[in-house]
Amino acid sequence: MDKNDYPVFPNLDAGADPAVPAEDGGAGFTGEGWTTNTDFDLIGDPRAVKGGSFTDYTPDFPATLRTHGPDGVLFGQWLDGIVFEGLLSLHPTTLEYMPNVATHWQISDDQMEFRFRINPNARFSDGEPVMADDVVATWDFLMDPNIQAPMNQLSFGKFERPVAETPYIVSVKAKDLNWRNFLYISASMTIYPEHVLTTLEGDDYLTEYNYKMFPGSGPYVVHADDIDRGNSITIRRRVDYWAKDVRANVGLYNFDELTEVVARDQNLAFEMVKRGDIDFFLVNRAQWWVEELDFERIQRGLVQKRKIFNHNPNGIQATAFNMRRAPFDDIRVRQALNHLFDRQKLISELMYNEYHPMNSIFAGTVYENPANPKNEYDPEQAMALLAEAGFSERDSQGRLTKDGQPFTIELLYPSQSSETYLTVVQEDLRRVGITLNLRLVTFATLIKLLDERNFDTIHVGYSGLTFPNPETMYHSTLADQPNSNNLTGFKNARLDEITELYDITFEIDERIALIQELDGIVMNTFPYMLEWYAPFQRYIYWNKFGHPEGYITRTGDRYDPRMVWWVDPEKEAALNEARGDDSIQLEVGPTEIRYWLDFERRTDSARNQ
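Just so we're clear, the structure is a prediction, and the values are computed from it rather than from any experiment.

How should the pattern of salt bridges be read in this particular structure?
Think of it this way: side chains of opposite charge can pair up when their charged atoms draw near. Counted under the stated rule, the structure contains 39 salt bridges. Of the charged contacts, one joins R161 and D140 as a salt bridge, the two residues approaching to 2.7 Å between their closest N and O atoms. Pair noted here: R161 is in the loop between α3 (150-156) and β6 (163-164) and D140 is in helix α2 (residues 132-142), with a separation of 21 residues, a long-range link. Note on R161: relative accessible area 48%, which makes it partly exposed. A salt bridge links R236 to D226, with the shortest nitrogen-to-oxygen separation between them at 2.7 Å. Taken together, the residues span a long stretch of sequence, with R236 in strand β10 (residues 232-237) and D226 in the loop between β8 (220-221) and β9 (227-228) at a distance of 10 residues. Residue class for R236 comes out partly exposed when judged on its relative accessible area of 27%. Here the residues in one salt-bridge network are K345, E427, D428, R430 and R431, joined through shared partners.

How do you make sense of the sheet that holds strand β4 (residues 102-107) when you look at a structure like this?
Each strand in a sheet pairs with its neighbour through backbone hydrogen bonds, running either in the same direction (parallel) or in the opposite one (antiparallel). Spatial strand order, β4-β5-β7-β6: 4 strands in an open sheet with antiparallel pairing. The outermost strands of the open sheet, each flanked by one partner alone, are β4 and β6. Strand direction decides the pairing type here: β4 and strand β5 (residues 113-118), joined by 5 bridges, are antiparallel. Each residue of the ladder has a partner; that of I107, found in β5, is F114. Along the sheet face, helix α4 (residues 181-188) touches β4, β5 and β7 (169-173) and points at about 20° away from the line of β5.

Would you take a moment to explain the packing of aromatic side chains for this structure?
Each pair of aromatic rings is reported with the distance of its centres and the angle of its planes. Under the defined criterion, the tally for this structure stands at 42 aromatic pairs. Here the aromatic rings of Y220 and Y253 are separated by 6.3 Å at their centres, their planes lie at 75°, and the arrangement is edge-to-face. Residue Y220 is found in strand β8, and its partner Y253 is found in the loop between β10 and β11 (257-262); the two are separated by 33 residues along the sequence. On the numbers, 4.7 Å between centres and 50° between planes, the contact of F280 with Y539 is tilted. Of this pair, F280 sits in strand β12 (residues 280-282) while Y539 sits in strand β24 (residues 536-542), and the two are 259 residues apart along the sequence. Each member of the pair, F280 as well as Y539, carries the same accessibility label: buried. Three or more aromatic residues link up through ring pairs in this structure, and these residues are F54, F255, F280, Y539, Y541, F545 and W565. One Lys or Arg, R247, reaches over the ring of F40 and ends 5.2 Å from the middle of that ring. Positioned over the ring face of F295 is K274, at 5.6 Å from the centre of the ring.

So what exactly am I meant to see when it comes to the pairing of strand β21 (residues 457-462) here?
A regular strand places its side chains so that they alternate between the two faces of the sheet. Of the strand pairs in this sheet, strand β14 (residues 316-321) and β21 are connected by 6 bridges, and their pairing is antiparallel. Within β21, the residue paired with T319 across the bridge is H459. Pairing between strand β19 (residues 408-413) and β21: 2 bridges, direction parallel. The residue of β21 that forms the bridge with L411 is T457.

How should the pairing of β5 be read in this particular structure?
Hairpin connection of β4 to β5: 5 residues between the antiparallel strands, including Q111 at a positive phi of 65°. Sheet analysis places β5 next to β7, joined by 5 bridges and oriented antiparallel. Within the sheet, the bridge partner assigned to E113 lies in β7 and is K173.

Would you explain unusual backbone geometry in this entry?
Residues other than glycine predominantly adopt negative phi, and peptide bonds predominantly adopt the trans conformation. Cis geometry is adopted by the peptide bond preceding P327, which originates at A326 and carries an omega value of 0°. Within the secondary structure layout, P327 lies in the loop between β14 and α10 (331-339). Even without being a glycine, R453 presents a positive backbone phi close to 60°. The residue R453 is located in the loop between α14 (443-451) and β21 in this model. Owing to a relative accessible area of 10%, R453 belongs among the buried residues under this scheme.

Explain the packing of α10 against helix α12 (residues 379-388) to me, please; I cannot follow it from the model alone.
The description of two packed helices rests on the angle between their axes and on the distance between the axes. At a minimum axis separation of 8 Å, α10 and α12 run at an interaxial angle of 160°. In terms of their interaxial angle, α10 and α12 are classed as roughly antiparallel. Read as a crossing pair, α10 and α12 show a hand that is left-handed. Contact with α10, carried on its side by R332, V333, Q335, A336 and H339, involves P379, Q381, A382, L385, L386 and E388 of α12 and no other residues of that element.

Help me understand the nonpolar core in this model?
A general tendency of soluble globular proteins is for nonpolar side chains to be buried together. Within the largest apolar cluster, 85 residues are counted, with the highest numbers of intra-cluster contacts made by L79, I82, F116, F159, F214, I235 and W565. Here this core takes 7 residues from α2, the largest share from any one element. Among all residues touching L79, those that are not within four sequence positions of it are L65, M213, V222 and I235. With 70 residues, the next largest nonpolar core counts A320, A336, M358 and V441 among its residues.

Whenever I open this one, α14 confuses me. Can you help?
For the α-helix, the turn length of 3.6 residues means that residues three or four positions removed from each other point alike. Looking at α14, one finds that the buried residues are L446, I447, L449, L450 and D451. Those residues of α14 hidden inside the fold are in contact with β19, β20 (435-440) and β21. Immediately downstream of α14, the backbone of R453 shows phi near 60°, a positive value.

Criteria and thresholds
Residues numbered from 1 in each chain as written. Predicted model: local features only at pLDDT ≥ 70, side-chain atom pairs only at ≥ 80, totals over all residues. Heavy atoms only, no water. Salt bridge = Lys/Arg side-chain N within 4 Å of Asp/Glu carboxyl O. Helix = DSSP H or I, 4+ residues; strand = E, 2+ residues; numbered from the N terminus. Buried < 20%, exposed > 50% of the residue type's maximum accessible area, 1.4 Å probe, protein only. Pairing = 2+ DSSP bridges. Contact = heavy atoms within 4.5 Å. Axes fitted to C-alpha atoms, helices over the stretch in contact; angles between N-to-C directions. Phe/Tyr/Trp six-rings, centres within 6.5 Å; stacked < 30°, edge-to-face > 60°. Lys NZ or Arg CZ within 6 Å of the ring centre and 35° of its normal. Parallel < 35°, antiparallel > 145°, perpendicular 65-115°, else oblique. Left-handed = near helix turned anticlockwise from the far one by under 90°. Core = buried A, V, L, I, M, F, W, Y, C linked by side-chain atoms within 4.5 Å.

Spelled out as structure tokens, the structure:
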């Protein structure tokens, strides 16, 4: 368990091109005058065993495996993160930079130029070495407008074109000062192979790579014959992964196969995990957690349930308004609808008080503005606001009207389980004269309509970021562009100014103050009906897995078990025996895991001593 037993750079420079001298980053490179990190702690558990499989479900077959361009979804982003790698990575506990594809780096005194030395051992899955030219080609690809990903141009357009100084050394200059520049170019930009990118135009990428992936340097690979359209995707561990023995990866990426099975109905997926057709299930319904998870296999320990607290940043769960369309272009209408959304009733009556109302786009973090409106249920104030907005008359059916037209809203949503509370909202609105039409769509359809801005309101869920990046969600330049994350059409001049100030503010306390001001602007504009959040993640899973003490990483999410768990041979054998013998009782572990909360307290205590 000693980190020093595991080298940061095993087989140092064994794969280097002998024609490249040490001063150009080749074999014998000393790193003098450069920065690296060889003092970081282990992330995974060294006791982990390689092999076996992990099967989860996805609510819909993805419209594409692409991360960039139309129809890109969170599944593609997670997949991108295990197939490809960045120059550096962030330690999930300390958030310090660690070597990845690059072994060393330099930052100029003015924070405007960055240099990286590529690890000569790094290889793509097709055997080709990762070189400085791959970084240049990746930047060219991301900046290509033909891939229809305007957020790429916003983020990576902050840099001049990278320069391959030598086969193993690449430099990048920023156009403007920004504390996130190094983060963007080192850890956010995954590296794609130049020898493939040079054969593509942007349009070709959009058509040819819906269900095909570039060769990546990461630990997993997707083969064409492992994609069963509409049914499942299997991702396979690379036995030839170039970095499998480096300290940063000890105990990680243990499963030979990661399989995502399509189950379009969450109730069906719940039954599948209880039967054992899938191994793991994220429980996002409080009623199931409280009432449905005492069945016989849980009592006997065959299936385990865990509520795991950590410091994963909360994202957004909300109904988003398309502010480009009437009547949602009127702030009074948006504010009124917030006052007609009785969150506290839903939390207490339907959700067993498991959640907290969400009053911020950074809920539960230091970035939340404590002065944000709390949007309490207040029909009287809502009706006054609607009357000011012109909805002051009623038709023969009692519906609110404006200019003779009834107030009708269409809400798109991708999960049938949401109907439990959406139908309550629908009835509450009907009572005051507003018609809410609920339209269930597949996740792929939802993303398409969202990217096209073809919706009234839409039910969305976004994961949070460790370091807020509000410009990609709210900057005015993206408001009218399709395929961007500014889905509500948000425009605000002061917010744009804040994002520019935020970019050049290197002091964390000053950045927190700026983001709190920005949070207040967003929340007082009412682009959403925010719902609720929880500081934990709830899982059930079959009792065959080993895991680190904290189960997931300090900042990790539902995808972490795929990375840090493993099949424990002893547990798997005991489970198989118990499945065939009803008299066998396995250990039932603790339901609540507070390892990372305790870790935080221990760390704070140590700092204060």
